[in-house]
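Each chain is listed here by its residues.
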Amino acid sequence: STSLEGRKAVVTGAAQGIGKAIARALAEAGAKVVISDINGEGAKAAAAEIGHGAVGVTCDSTKVDEVETMLEDAAENGAIDILVNNASIVPYIAWDDVDMAHWQKIIDTNLTSVFIASRKATDMMRAAGRKGTVLNMASNSFYAGTPNMSAYVAAKGGVIGFTRALATEVGKYGIRVNAVTPGLIESDGVKASPHAESFGFVEMLQAMPGKGQPTDIAKVVAFLVSDDAGWMTGQCVNVDAGMIRL
Ligand code: NAD
Ligand code: 4PL
């Protein structure tokens, strides 16, 4: 069923935006949720707001030691059941300003972080004999080649590739690995950035009008990490009001 009763979940980058909405949806479905974020105060505030036993912790998703400790704490001497790799920087940067420092920062934060947490979480699931699941946040900008985010688009393509590969590697243990590609979503980060000015253009491309909300993504994530999606792995589910037709 779609119930997540008794499941232990970690959502990275969940102090705000889409991650916070995912944390809320999983907690409301019965999961015990750890909200992990480089912004620890924000993570704790989000946990207090969500309730249902959610806990907020400080963790930089690019740091192997911090992520390993965070996941061991969340597992409480067992393994977590659900890892949502959501933490990411959503830049708006002209191509002429994309230099090596920007490229490296985005690849580290948006792609390597997914490897770091997935490596540790799936190792722990295997050791505990737990048929857990990993859900990676990609973006429909990978399909659209969206302007002003070239390193981001490249990193999200890497996330989709890694989702397909990891699903193969851990499928034999009953661990499922999937991704979601949202279109433009009115998250806290987007509202505070130049992306907020893009809704008019994006709505023109969508099959249905409207501004995508964090809850639109969270509901699909809650399904994909539930047993109802038990026969789905290695998939990338597009959620963008029909902007992209795969
Ligand atoms: P946001 O900027 O509102 O929130 C991102 C969160 O990640 C913040 O709380 C931030 O502190 C955290 N974070 C950043 N770097 C971190 C690090 N090194 N370690 C731990 N936490 C870190 O973002 P959002 O718009 O809610 O996006 C969430 C996810 O959805 C991202 O993966 C993003 O790429 C993806 N996405 C967003 C959109 C959109 O339009 N908003 C579209 C497609 C995909
Ligand atoms: C279509 O992932 O997919 C803006 C900002 N527009 O982050 C995204 C589109 C943004 C996107 C994204």
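Residues numbered from 1 in each chain as written. Chains lettered and ligands numbered in written order. Predicted model: local features only at pLDDT ≥ 70, side-chain atom pairs only at ≥ 80, totals over all residues. Heavy atoms only, no water.

**Student:** It is not clear to me how the site of ligand 2 should be interpreted in this structure. Could you clarify?
**Tutor:** Within the structure, ligand 2 sits among Val90, Ser139, Asn140, Ser141, Thr146, Met149, Tyr152, Pro182, Leu184, His195 and Met243. Measuring from an oxygen atom of ligand 2, one finds a side-chain N or O atom of Asn140 at 2.7 Å. For the shell around ligand 2, a count of residues per class yields six nonpolar, five polar and no charged. (Near = heavy atom within 4 Å. Polar contact = N/O pair within 3.5 Å; in protein donor to acceptor, adjacent residues only side chain to side chain. Nonpolar A, V, L, I, M, F, W, Y, C, P; charged D, E, K, R; others polar.)

**Student:** Sorry if this is basic, but what is going on with the nonpolar core here?
**Tutor:** Looking at soluble globular proteins, one finds that nonpolar side chains tend to be buried together. Ranked by size, the top nonpolar core spans 34 residues in total, and within it Ile22, Leu26, Val33, Ile35 and Val221 carry the most contacts. Looking at this core element by element, the count peaks at seven residues for helix α1 (residues 17-28). Core analysis: the second largest hydrophobic core is formed by 22 residues, Ile80, Ala121, Met124 and Met125 among them. (Core = buried A, V, L, I, M, F, W, Y, C linked by side-chain atoms within 4.5 Å. Buried < 20%, exposed > 50% of the residue type's maximum accessible area, 1.4 Å probe, protein only. Helix = DSSP H or I, 4+ residues; strand = E, 2+ residues; numbered from the N terminus.)

**Student:** Can you walk me through the site of ligand 1 in this structure?
**Tutor:** Neighbouring ligand 1 are 29 residues, the closest being Gln16, Asp37, Tyr152, Ile185 and Ser187. Take Asp37: an N or O atom from its side chain is 2.6 Å from an oxygen atom of ligand 1. Surface burial for ligand 1 is 92%, taken as the share of its 830 Å² of free accessible area covered by protein chains. At the level of secondary structure, the elements contributing two or more residues to the shell around ligand 1 comprise α1, α6 (150-170) and α7 (188-191). Examining the composition of the shell around ligand 1, we find that three residues originate from one element, α7, more than from any other. In the shell around ligand 1, the residues fall into 13 nonpolar, twelve polar and four charged. (Areas by Shrake-Rupley, 256 points an atom, 1.4 Å probe, with all protein chains shown as cover.)

**Student:** Whenever I open this one, the side chain of Asp37 confuses me. Can you help?
**Tutor:** Mapping Asp37 onto the fold places it in strand β2 (residues 32-37). An unpaired buried charge is present at Asp37: no salt bridge exists, and Lys20, the closest side chain of opposite charge, is 10 Å distant. In terms of polar contacts, Asp37 uses its side chain to reach the backbone amide nitrogen of Ala14, at 3.2 Å. Within the structure, the side chain of Asp37 is placed 3.0 Å from the backbone nitrogen of Ala15, a separation counted as a polar contact. Apart from the residues lying within four places of it in its own chain, the contact partners of Asp37 are Gly13, Ala14, Ala15, Ala43, Val57, Thr58 and Cys59. (Lys, Arg positive; Asp, Glu negative; His and termini not counted. Salt bridge = Lys/Arg side-chain N within 4 Å of Asp/Glu carboxyl O. Contact = heavy atoms within 4.5 Å.)

**Student:** Hey, could you run me through the environment of Asn77 in this one?
**Tutor:** By the secondary structure assignment, Asn77 is in the loop between α3 (64-75) and β4 (82-85). On the basis of relative accessible area, Asn77 is assigned to the exposed category, the value being 84%. Expressed as a C-alpha distance, the spacing of Asn77 and Glu203, which sit 126 residues apart in the sequence, is 47 Å.

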